[in-house]
Amino acid sequence: MTLYAVTIFLSAFLLFQVQPLIAKIILPWFGGSAAVWSASMLFFQLVLLGGYAYAHLSIRFLKSRVQMQLHLGLLAVSCLLLPILPSSSWRPTEAGDPTLRILLLLAATIGLPYFLLSSTSPLLQAWFVRRTGSSVPYRLFALSNFGSMLALVSYPFLFEPRLGTRPQAYTWSGVYVLFVAVCAFTAWVSNKAP
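Asks: Can you walk me through the packing of helix α3 (residues 64–79) against helix α4 (residues 99–132) in this structure?
Replies: Each pair of packed helices can be summarised by the angle the axes make with each other and by the distance between the axes. Where α3 meets α4, the closest approach of the two axes is 11 Å, and the angle between their N-to-C directions is 155 degrees. Taken together, the axes of α3 and α4 lie roughly antiparallel to each other. Of the two elements, α3 crosses α4, and the hand of that crossing is left-handed. Taken together, the residues of α4 that come into contact with α3 (itself represented by S64, Q67, M68, H71, L74, L75, V77 and S78) are L112, P113, L116, S119, T120, L123, W127 and R130. Tallied by class, the residues present in the contact of α3 with α4 amount to 9 nonpolar, 6 polar and 1 charged.

Asks: Quick question: what am I supposed to make of the nonpolar core here?
Replies: In globular proteins that are soluble, nonpolar side chains generally tend to be buried together. Ranked by internal contacts, the top residues of the largest apolar core, which has 49 residues, are I26, I110, W172, Y176 and F179. Those elements that place two or more of their residues in this core are α1 (2–26), α2 (34–61), α3, α4, α5 (138–159) and α6 (165–191). At 13 residues, α1 tops the list of elements feeding residues into this core. The contact partners of Y176, leaving out residues within four places of it in the chain, are L14, L75, S78, C79, L82, P113, L116 and L117.

Asks: Before we go on, may I ask you to explain unusual backbone geometry in this structure?
Replies: A negative phi holds for most residues other than glycine; trans holds for most peptide bonds. The omega torsion of the bond from L82 to P83 falls at 0 degrees, within 30 degrees of zero and hence cis. With respect to the element layout, P83 can be found in the loop between α3 and α4.

Asks: What's the story with the packing of α2 against α4 in this structure? I'm lost.
Replies: Running from N to C, α2 and α4 cross one another at 35 degrees; their axes reach a closest spacing of 7 Å. Between α2 and α4 the crossing geometry is right-handed. Among the residues making up the contact of α2 with α4, the classes are represented as 23 nonpolar, 8 polar and no charged.

Calculation criteria
Residues numbered from 1 in each chain as written. Predicted model: local features only at pLDDT ≥ 70, side-chain atom pairs only at ≥ 80, totals over all residues. Heavy atoms only, no water. Axes fitted to C-alpha atoms, helices over the stretch in contact; angles between N-to-C directions. Helix = DSSP H or I, 4+ residues; strand = E, 2+ residues; numbered from the N terminus. Parallel < 35°, antiparallel > 145°, perpendicular 65-115°, else oblique. Left-handed = near helix turned anticlockwise from the far one by under 90°. Contact = heavy atoms within 4.5 Å. Nonpolar A, V, L, I, M, F, W, Y, C, P; charged D, E, K, R; others polar. Core = buried A, V, L, I, M, F, W, Y, C linked by side-chain atoms within 4.5 Å. Buried < 20%, exposed > 50% of the residue type's maximum accessible area, 1.4 Å probe, protein only.

Read these as spatial facts, not as claims about activity.
Next comes the structure, spelled out in C-alpha cells:
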C-alpha cells in the first residue's frame, strides 16, 4: 500500500502545484487580466476531466498489461516536454482575446504531464484493487485529496515567497521525473502476480 500511497500523493501534489505556478508565469505576458486566470482554470478543468475519462476507458477496455504499457509510454514521452517553462514565442504580439492562445500555450507546455497526473489516482486505485483484491481503496482517495490540499496551501506560503518562477518550474519538473520513476515501479509491481 505504501508504494501506491506515495505515487498517488506525489501525483496529487504536483497536479495542484503546477496550476498557480504556470498561471503566474504567463500572467504578465497577457496583461494580468482575469481572462488569464479564467482561461487557465478552463484548461485545467477540461484536462482533469480528460484524464479521468482516459483512466476510466483504460481500466474498462484495456488489459492490465496493455494499460500499464500505454501509461508508462505516455509518461516517458511527457518527460521529453520538461522543463515546464513556456517559450517566449507564446507571448502575444497583438491586442485581442487571449483565451485561445492561453489554451494552446498551456496544452504545449503542461498539457500531457497534467493529463497524466490527473489520471494517476483512479488508475492506481484500480491497480491496487486488482493486485490486492481489496474492494475499498478509499484511503488512497483520501490521500490524493490530502496531497491536493497540501499543494494548494503550501504554494502561497512556502514555495512562492521563497523561489522565483524559473526555479519553481525546474523543481517541479525534477519532482515530476521522480514521480514518473515511482509510477513506473508501481506499474511493474502491479503487473506482477500477487
